[in-house]
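Per-entry structural report
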Amino acid sequence: MGALMIQGTGSNVGKSLLVAGLCRAARRRGIDVAPFKPQNMSNNAAVTPDGGEIGRAQALQARAAGLAPSVHMNPVLLKPETDRAAQVVVQGHAATRAAAADYGALKARLMGAVLDSFARLRTTHELVLVEGAGSPAEVNLRARDIANMGFARAADVPVVLAGDIDRGGVIAQIVGTQAVIDPADAAMIRGFVINRFRGDPSLFDAGRRFIVERTGWPDLGLVPWFPDAVRLPAEDAVDLRRASGGGGLHIACPMLSRIANFDDLDPLAAEPAVRLSMVPPGHALPGDADLVILPGTKSTRGDLAFLREQGWDIDLAAHLRRGGRVLGICGGYQMLGRVIHDPEGHDGSPGSTPGLGLLDIETRMAPEKRLTRIAGRALGQPVEGYEIHMGRSEGPDCARPFAHIPEPDGATSPDGRVAGTYLHGLFSGDGFRAAWLGQFGAASALDYGAGVDEVLDRLAGHLETHLDIDRLFALAR
């Protein structure tokens, strides 16, 4: 069948979910489909079975397609470390660090990896559904683009343009995109989709006709708001909800400036017996929290400084005095120790940073990143997930490991109220999550994996109801 690309009029217009839903719809039709995103920017990464990393959205899309995630589904991943610099991951492995001003010069070399990965998927699957990044209207980036029209033209992939009406101004988004892009790029667009509509669809009939008249692009459909999207793993921190609607056990998690792999918390947020509060900067950690989770981060020492700037270290001390408990995951685990050593500057400028001193461990950063999927046991239950970190942690509290995967992992304080682990994805396992919640007197009532697949099926059905899926797939070549 070939390939079809979904580009957006801007960031966060719903491209990732559209591709996920279309992947599941294709699979339900018996089509061998694979997702692909040439370039992604996200600190929410997934580890593939072969030990590489890709954006979390592509891992979800792979699940929708019934596939194991592959590094070739997202050959270029940018992981921001500061506001102006990012780690560049190429075909699953960290290749370099680049300042924003210097990244453009790398793109010509990266296009080869992008086209190589795309060719691998295209020759092994009937249909490849491609997700763009940002917007093709960012004409200042067009000269070296590998994420939108630069890729579409190089790989000769037709494009469908998606606009987000919930944000307002969708007519200008779509008409304006055609107005500013190169005519040869505009010729790649085979039609448009309006996403996230609320209310009576007939009220926008005139708007849809206006877009067709102005652009000449076919109207491929209007997708109403899909409220269950919040039950799927989020790609960007901007999508994080402030709180879940459960009750009982209250868990608080500070929103670090470089928060990473925060989908660790999704299974907890879905539990009816749990209330999860994501605490934004400028707000204190809630005094009634039973547990505080320090999440993963792309910049441990940088976010440790950020945590102190917010006064969250003082809140943590008060939380423990009240009898609360703390769990650190990956970078959050490293922060809990006495000190973080980074003499060669693998996590920022060279030096050492005092930790929070809540666990008797020390962490030393190392140049090699540990990327692996792992399985073992914790709390007497099977547990599985993945590791994605650069540091190694050692100290007396490691004698009380959090898990065995199969080697001892993590550490626990002598009183058992502070613990840390390098294991991401640990709460996705229903047995472990139930045992872990049971420590707090909370009962689990959730089959998390089945719930994700149920939402993906409903998403596919939602798109099948409101889009002409067969017409869309017929555009692929």
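Scroll up to find the structure this text is about.
The notes below deal with the structure included here.

Right, let's talk about the overall build of the chain for a bit. Secondary structure assignment for the chain yields 14 helices and 26 strands. A globule of 477 residues ought to have a C-alpha radius of gyration of about 23 Å, and the chain, at 23 Å, matches this closely. C-alpha extents for the chain along the principal axes are approximately 70 × 45 × 40 Å. Buried residues in the chain amount to 58% of all 477 residues. Sequence separation of 24 or more characterises 73% of the internal contacts of the chain that already satisfy a separation of 6 or more. With an accessible surface of roughly 18,100 Å², the chain has 52% of that area assigned to carbon and sulfur atoms. Within the chain, the 55 negative side-chain charges are centred at a point lying 2 Å from the centre of the 49 positive side-chain charges.

Sheet architecture is open: six strands sit in the order β15-β13-β16-β18-β26-β25, paired in mixed fashion. What marks the edges here is a single partner per strand, and that holds for β15 (274-279) and β25 (411-412). Sheet topology places β25 next to strand β26 (residues 418-421); two bridges connect them, and they run antiparallel. Across the sheet, alanine 411 pairs through a bridge with glycine 420, a residue of β26. In the packing of helix α10 (residues 312-321) onto the sheet, contacts are made with β13 (249-254), β15, β16 (291-294), β18 (325-329) and β26, and the angle to β18 comes to roughly 135°.

For glycine 324, the location among the structural elements is in the loop between α10 and β18. Measuring from C-alpha to C-alpha, the distance between glycine 324 and alanine 289 comes to 7.2 Å, with 35 residues separating the pair along the chain. Not counting residues within four places of it along the chain, the set of residues in contact with glycine 324 comprises Asp290, His319 and Arg417.

Bringing the environment of arginine 417 into the picture now. One can find arginine 417 in the loop between β25 and β26. Along the primary structure arginine 417 and leucine 320 are separated by 97 residues, whereas in three dimensions their C-alpha atoms are 8.0 Å apart. A polar atom in the side chain of arginine 417 sits 2.7 Å from the backbone oxygen of glycine 324.

Next up on the list: the packing of aromatic side chains. The description of an aromatic ring pair rests on the distance of the ring centres and on the angle between the ring planes. Tallied over the entire structure, the rule returns 10 aromatic pairs. Judged by centre distance (6.0 Å) and plane angle (75°), the rings of phenylalanine 306 and tryptophan 312 are edge-to-face. Tryptophan 312 carries the same exposure label as phenylalanine 306, and that label is buried. Of the aromatic side chains, those joined through ring pairs into one cluster are Phe402, Phe427, Phe432, Trp436 and Phe440. In this structure, arginine 198 packs its charged tip against the face of tryptophan 225, placed 3.6 Å from the ring centre.

In spatial order, the strands read β3-β6-β7-β8; together these four strands make up an open sheet with mixed pairing. The open sheet has two free edges, formed respectively by β3 (39-41) and β8 (93-99), since each of these has just one partner strand. Averaged over all pairs of adjacent strands, the angle between strand axes in this sheet comes to 25°, irrespective of strand direction. Pairing between β3 and strand β6 (residues 76-82): three bridges, direction parallel. Pairing of methionine 41 across the sheet is with leucine 78, part of β6. Sheet strands touched by helix α3 (residues 100-122): β3, β6, β7 (85-90) and β8. Its angle to β8, the strand with the most contacts, is close to 150°.

The rules behind these values
- Residues numbered from 1 in each chain as written.
- Predicted model: local features only at pLDDT ≥ 70, side-chain atom pairs only at ≥ 80, totals over all residues.
- Heavy atoms only, no water.
- Helix = DSSP H or I, 4+ residues; strand = E, 2+ residues; numbered from the N terminus.
- Rg over C-alpha atoms; globule rule 2.2 N^0.38 Å.
- Buried < 20%, exposed > 50% of the residue type's maximum accessible area, 1.4 Å probe, protein only.
- Contact = heavy atoms within 4.5 Å.
- Areas by Shrake-Rupley, 256 points an atom, 1.4 Å probe, with all protein chains shown as cover.
- Lys, Arg positive; Asp, Glu negative; His and termini not counted.
- Charge placed at Lys NZ, Arg CZ, Asp CG, Glu CD.
- Pairing = 2+ DSSP bridges.
- Axes fitted to C-alpha atoms, helices over the stretch in contact; angles between N-to-C directions.
- Polar contact = N/O pair within 3.5 Å; in protein donor to acceptor, adjacent residues only side chain to side chain.
- Phe/Tyr/Trp six-rings, centres within 6.5 Å; stacked < 30°, edge-to-face > 60°.
- Lys NZ or Arg CZ within 6 Å of the ring centre and 35° of its normal.

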